[in-house]
Amino acid sequence: MRCAICGQMRVYSARWPIGHVCATCYHRGRSTPRPCASCSKIRVLVGHPDAPANDELLVPTICGPCSGSYRYSYVCLRCGGGEEPYKNLLCVRCALGDQLRTAFGDAPPGSPIETLTTALRGSRRPRSVMKWLTNPRGGARVLGELLDRGTPISHEALDTYDEREVWSLRRTLVELEILPEREDPLARLDVIVEKITADLAPSPRSIVRAYASWWYLRRARRRYEESGRFTYPQFRSAWQRIAAVRALLKWLESNAVPLGALDQPTLDAWLEQATHTQRAATGDFLRWAVRRSLVERLTVTYPERTEPTILLSEERRWAELRRCLTDTSIPDDVRAAGALLLLYGIPLQRIIELTRDHLVIEAGSDIVTAFRTTTGAPAVTVPPRLGRILTRLPAPIPSGGAPLIDARANAPSWLFPGRGTAGHVTFTGLQARLRTHSLSVRQSRNAALIGLAADLPASVICDLFGLSVAAAVNWTRRAARDWTGYMHLVDERVRPSVSTVRRPNGR
Ligand SMILES: [Zn+2]
Ligand SMILES: [Zn+2]
Ligand SMILES: [Zn+2]
């Protein structure tokens, strides 16, 4: 059967008033109720006022009853609303309400749990909340456990759990004003240090704590004060570094070597079996320890990564880009993120923070023609293919994907939603999704920046893509050094030209 909405020849899932529809269009339609063009109620749209002429494809604009079909009215038996149908003639929101009540009981009005469950019930993505509820490791489990024990919800209560498990729950509770914003977001690093060093002997423990608070925390604090943000990747990197130093001291302890007696052969033996992170952390830690005369001067040898690795040739870059723009078997969010990386080299951290407000939509249509990395920045024109992919974002959450617990009613409309710290997908989450489709973030970005830097002056690059001036200048230099010759050989037709950049008047 030919699907009346997408036109593909497929087995049909339902015979809506608009015609036979395939499984994809059926599920997409059911899960995205919108205002009916005739009665204005939010409903699953299944019909169109006009009959299709010849082979024309139609997008459904009116609901079941308005197209004369009560069979496909998709109205919830309990609340009478037109939300996505779930089970037993109940809408997904009513079903979620039941599940929240099962998980957390009947919360007294005005209690923190009531505030939270109300917000969760109103979430833009009820199915994600359902998934979150059944996640064996995560905020819902922690919350249930605190309730069972009768422990009031507080920052300190959450501190008793693995920070990676409660990170996003804590953010949500703060956003809902159930918990106060911690005055110092770095305070949780102190808690981590306490936990990580708990099993060390008193002397090495005090060394790790001194190192962490005087050196590492200070570094994290400076970055926090510069950027005003403390992101999950930053937290994780600090956590890994401190854990690595703890591992070194634990290893010394088990070999009965006090830190003061550490010599080069012993250090080399440690480095021999250490991970890359541990080696890097060891070097950092020993520099600090030498200054405090805790240890004699030693040499840490490990491969330093100074120059960015470009293992992606221009040819590969364009092949990957073509794949992102044309391969419909890849999910839309991966295609969009991949194309933004490969075409413009935008940092992944910035890609995950993009919202619908960053998109420039052509008047009179809903097709995306350009985007901005920050509001007020010049708009960057996108190729029509990428525009169409961006138009379809946010994509429906992949099954098994990270659930969402962002619960603010006026939350930004993320292009890449997820369980993330702020309602968007996490850095590592999107990176992993790109990797499953064989796209490397670092390589793609580097290749894109090298390509761009060869074409555009540094000041334009930093304006458009949110790089610091220093970073942009660096890339331009590298491009001049390594690529100028090579770029002449690249087919002129496939290179991004300066004309893809549109600057507003007067700038
Ligand atoms: Zn279809
Ligand atoms: Zn209607
Ligand atoms: Zn309902």
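Basis of the calculations
- Residues numbered from 1 in each chain as written.
- Chains lettered and ligands numbered in written order.
- Predicted model: local features only at pLDDT ≥ 70, side-chain atom pairs only at ≥ 80, totals over all residues.
- Heavy atoms only, no water.
- Donors = N, O, S within 2.8 Å, 3.2 Å for Na, K, Ca; no water.
- Tetrahedral: all angles 85-135°; square planar, octahedral: opposite > 155°, others 65-115°.
- Buried < 20%, exposed > 50% of the residue type's maximum accessible area, 1.4 Å probe, protein only.
- Axes fitted to C-alpha atoms, helices over the stretch in contact; angles between N-to-C directions.
- Helix = DSSP H or I, 4+ residues; strand = E, 2+ residues; numbered from the N terminus.
- Parallel < 35°, antiparallel > 145°, perpendicular 65-115°, else oblique.
- Left-handed = near helix turned anticlockwise from the far one by under 90°.
- Contact = heavy atoms within 4.5 Å.
- Nonpolar A, V, L, I, M, F, W, Y, C, P; charged D, E, K, R; others polar.
- Phe/Tyr/Trp six-rings, centres within 6.5 Å; stacked < 30°, edge-to-face > 60°.
- Pairing = 2+ DSSP bridges.

- An unreviewed UniProt entry lists the chain under the name Site-specific recombinase XerD, with Krasilnikoviella flava given as the organism.

### Quick notes on the coordination of the zinc ion (ligand 1)
Logical step 1: At the metal site, the zinc ion (ligand 1) is ligated by Cys3 (SG), Cys6 (SG), Cys22 (SG) and Cys25 (SG), and these contacts range over 2.2 to 2.4 Å.
Logical step 2: Bound by four donor atoms, the zinc ion (ligand 1) shows angles of 104 to 117° at the metal and therefore tetrahedral coordination geometry.
Logical step 3: Mapped onto the polypeptide sequence, the residues donating to the zinc ion (ligand 1) form the spacing pattern C-x2-C-x15-C-x2-C. Each of the two residues, Cys22 as well as Cys25, counts as buried.

### What about the packing of helix α7 (residues 163-175) against helix α8 (residues 187-196)?
Logical step 1: The N-to-C vectors of α7 and α8 enclose an angle of 160°; their axes lie 13 Å apart at closest approach. Judged by the inter-axis angle, α7 sits roughly antiparallel to α8. Considering how the two elements wind past one another, α7 and α8 form a crossing that is right-handed. Of the residues in α8, those in contact with Glu163, Trp167 and Arg170 of α7 are Arg188, Ile192 and Lys195.
Logical step 2: In the contact of α7 with α8, the residues fall into two nonpolar, no polar and four charged.

### Considering the coordination of the zinc ion (ligand 2)
Logical step 1: For the zinc ion (ligand 2), the full set of protein donor atoms is Cys36 (SG), Cys39 (SG), Cys63 (SG) and Cys66 (SG), at a range of 2.3 Å.
Logical step 2: Each of the four donor atoms around the zinc ion (ligand 2) contributes to a set of angles spanning 101 to 118°, which defines the coordination as tetrahedral.
Logical step 3: Each donor residue of the zinc ion (ligand 2) lies on the same chain, and together they follow the pattern C-x2-C-x23-C-x2-C. Taken together, the positions of Cys39 in the loop between β3 (34-35) and β4 (42-43) and Cys66 in the loop between β6 (62-63) and β7 (85-87) put the pair 27 residues apart, joining distant regions of the chain.
Logical step 4: On the basis of relative accessible area, Cys39 is assigned to the partly exposed category, the value being 29%.
Logical step 5: What makes Cys66 partly exposed here is its relative accessible area of 31%.

### Observations regarding the packing of aromatic side chains
Aromatic ring pairs are reported here in terms of the distance separating the ring centres and the angle at which the planes meet.
Logical step 1: Applying the stated criterion across every chain yields a total of seven aromatic pairs.
Logical step 2: Aromatic side chains Trp16 and Tyr74 sit 6.3 Å apart centroid to centroid with 75° between the ring planes, which places their arrangement in the edge-to-face category. With Trp16 in strand β1 (residues 12-16) and Tyr74 in the loop between β6 and β7, this pair connects stretches of sequence that are 58 residues apart.
Logical step 3: What links up through ring pairs into an aromatic cluster is the set Trp16, Tyr26, Tyr72 and Tyr74.

### Topic: the sheet that holds strand β11 (residues 380-381)
Logical step 1: Across the sheet, which stays open at both edges, the three strands sit in the order β9-β10-β11 with antiparallel pairing between neighbours. Edge positions in the sheet fall to β9 (359-361) and β11, since each has one partner strand and no second.

### Here we look at the packing of helix α14 (residues 332-344) against helix α17 (residues 427-436)
Each pair of packed helices gets described by two things: the angle between the helix axes and the distance between those axes.
Logical step 1: Relative orientation of the contacting elements α14 and α17 amounts to 95°, with a least axis distance of 10 Å. When the axis of α14 is compared with that of α17, the two are roughly perpendicular. Together, Asp333, Val334, Ala337, Gly338 and Leu341 of α14 and Leu430, Arg433 and Leu434 of α17 make up the contact between the two elements.
Logical step 2: Its residues placed into classes, the contact of α14 with α17 shows five nonpolar, one polar and two charged.

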